[in-house]
Amino acid sequence: QVQLVESGGGLVQAGGSLRLSCAASGSIFSINDMGWYRQAPGKQRELVAVITRGGSTNYADSVKGRFTISRDNAKNTVYLQMNSLKYEDTAVYYCNAHLKTTSWGRPIPSWGQGTQVTVSS
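Residues numbered from 1 in each chain as written. Predicted model: local features only at pLDDT ≥ 70, side-chain atom pairs only at ≥ 80, totals over all residues. Heavy atoms only, no water.

(A) Local environment of the packing of aromatic side chains. Per the counting criterion, the structure on display carries one aromatic pair. Between the aromatic rings of Tyr 37 and Trp 111, the centroid separation amounts to 5.0 Å while the plane-to-plane angle is 65 degrees, which identifies the pairing as edge-to-face. Of this pair, Tyr 37 sits in strand 4 (residues 30-39) while Trp 111 sits in strand 10 (residues 108-111), and the two are 74 residues apart along the sequence. Exposure remark for Tyr 37: the relative accessible area of 23% places this residue in the partly exposed category. The ring of Tyr 94 has Arg 45 lying over it, and the distance from NZ or CZ to the ring centre is 3.7 Å. The cationic tip of Arg 45 hangs over the ring face of Trp 111; the distance from NZ or CZ to the ring centre is 4.7 Å. (Phe/Tyr/Trp six-rings, centres within 6.5 Å; stacked < 30°, edge-to-face > 60°. Helix = DSSP H or I, 4+ residues; strand = E, 2+ residues; numbered from the N terminus. Buried < 20%, exposed > 50% of the residue type's maximum accessible area, 1.4 Å probe, protein only. Lys NZ or Arg CZ within 6 Å of the ring centre and 35° of its normal.)

(B) Layout of the sheet that holds strand 3 (residues 18-26). Within the open sheet, the four strands sit side by side as 1-3-8-7. Their pairing is antiparallel. Taken across any chain shown, the strands that pair with only one partner, and hence form the sheet edges, are strand 1 (2-7) and strand 7 (67-72). Neighbour to neighbour, the strand axes of the sheet diverge by 15 degrees on average, direction disregarded. In terms of strand pairing, strand 1 meets strand 3 through six bridges, oriented antiparallel. Note on strand 3: the bridge partner recorded for Gln 3 is Ser 25. (Pairing = 2+ DSSP bridges. Axes fitted to C-alpha atoms, helices over the stretch in contact; angles between N-to-C directions.)

Structure representation (structure tokens):
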């Protein structure tokens, strides 16, 4: 059994900052890519940022220069530092991890329950 637990969401004014955290726990052998997705009301879930185990990162164009993804492999935790927040960043943010629970087989995607980020204009 694997759990991804997010924290750090909330209400912030435009221009402000928030830091999201997501900790993976349970029977984990290894974690490959970790990332953050978001889903606004009436819209599809979209990729925000992803980070490989080695630290390579990729960002959605809409957040480049404002958001920073990082991870602590020893703690199985991924972070998302969000600066200069805009109203359009309002969404439920989901943590994602491609992980293996055994030494064999392929990594499988696991999801957190989501955390609400609301940016007031």
